[in-house]
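Each chain is listed here by its residues.
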Amino acid sequence: DALGMRHGPSHGEIIITNDGPCLVEMNCRAHGGDGNWTPLARALTGSYCQVDVTANAYLDEEEFHKVPDVPPSPLKAHGLEINLVSY
């Protein structure tokens, strides 16, 4: 409210347990991973990702309004993001 922001990404994580769903995180931010997922997101949708749309919401209203209300169905591509961790 202090910044007057009305549009932006959100990120949520849920774990399905034997007792039902458990909310892990819900936050006003884009998906993590240093943005390495943005090429995949653009391929899935055909042209855009959370980062592009968020920037356009504040910097290019005309481009922002070109984004459809829902992603294409079926998606335009398939992909997988893998994060490897070494201890």
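No experiment lies behind these values; they were computed from the predicted model shown.

Caption draft 1: Quick peek at the overall build of the chain. Regarding its fold elements, the chain presents three helices and two strands. N-terminal to C-terminal, the α/β element order of the chain is β-β-α-α-α. In terms of overall size, the chain is more extended than a compact globule, its C-alpha atoms giving a radius of gyration of 16 Å where 87 residues would be expected to give roughly 12 Å. Taken along the three principal axes of its C-alpha coordinates, the chain extends 45 × 35 × 30 Å. The proportion of buried residues among the 87 residues of the chain is 16%.

Caption draft 2: Main features of the environment of N27. On the secondary structure map, N27 appears in strand β2 (residues 20-27). What makes N27 partly exposed here is its relative accessible area of 38%. The sequence separation of N27 and G12 amounts to 15 residues, and the corresponding C-alpha distance is 6.5 Å. Discounting chain neighbours no more than four positions away, the residues touching N27 are P9, S10 and H11.

Caption draft 3: Seen up close, helix α1 (residues 38-45). Within α1, the full set of buried residues consists of T38, A41 and T45. Along the long axis of α1, the arc covered by the buried residues comes to 55°, so they all point the same way. For α1, the elements touching its buried residues are α2 (50-59). G46 lies just past α1 and shows a positive phi near 100°.

Caption draft 4: Representation of the pairing of strand β1 (residues 11-17) in the model. Relative to β2, β1 is paired through seven bridges, and the arrangement is antiparallel. Each residue of the ladder has a partner; that of I16, found in β2, is P21. Connecting β1 to the next strand, β2, in antiparallel fashion are two residues.

Caption draft 5: Here's a closer look at the pattern of salt bridges. Tallying each qualifying case throughout the model produces three salt bridges. The shortest N-O distance in the salt bridge between E25 and R29 comes to 3.0 Å. The class for R29 is partly exposed, based on a relative accessible area of 30%. A salt bridge links E63 to K66; the nearest nitrogen and oxygen atoms lie 2.8 Å apart. The class of K66 is exposed, set by a relative accessible area of 54%.

Criteria and cut-off values
Residues numbered from 1 in each chain as written. Predicted model: local features only at pLDDT ≥ 70, side-chain atom pairs only at ≥ 80, totals over all residues. Heavy atoms only, no water. Helix = DSSP H or I, 4+ residues; strand = E, 2+ residues; numbered from the N terminus. Rg over C-alpha atoms; globule rule 2.2 N^0.38 Å. Buried < 20%, exposed > 50% of the residue type's maximum accessible area, 1.4 Å probe, protein only. Contact = heavy atoms within 4.5 Å. Arc of directions from axis to C-beta. Pairing = 2+ DSSP bridges. Salt bridge = Lys/Arg side-chain N within 4 Å of Asp/Glu carboxyl O.

Everything listed here is a matter of coordinates, which is why it stays silent on function.
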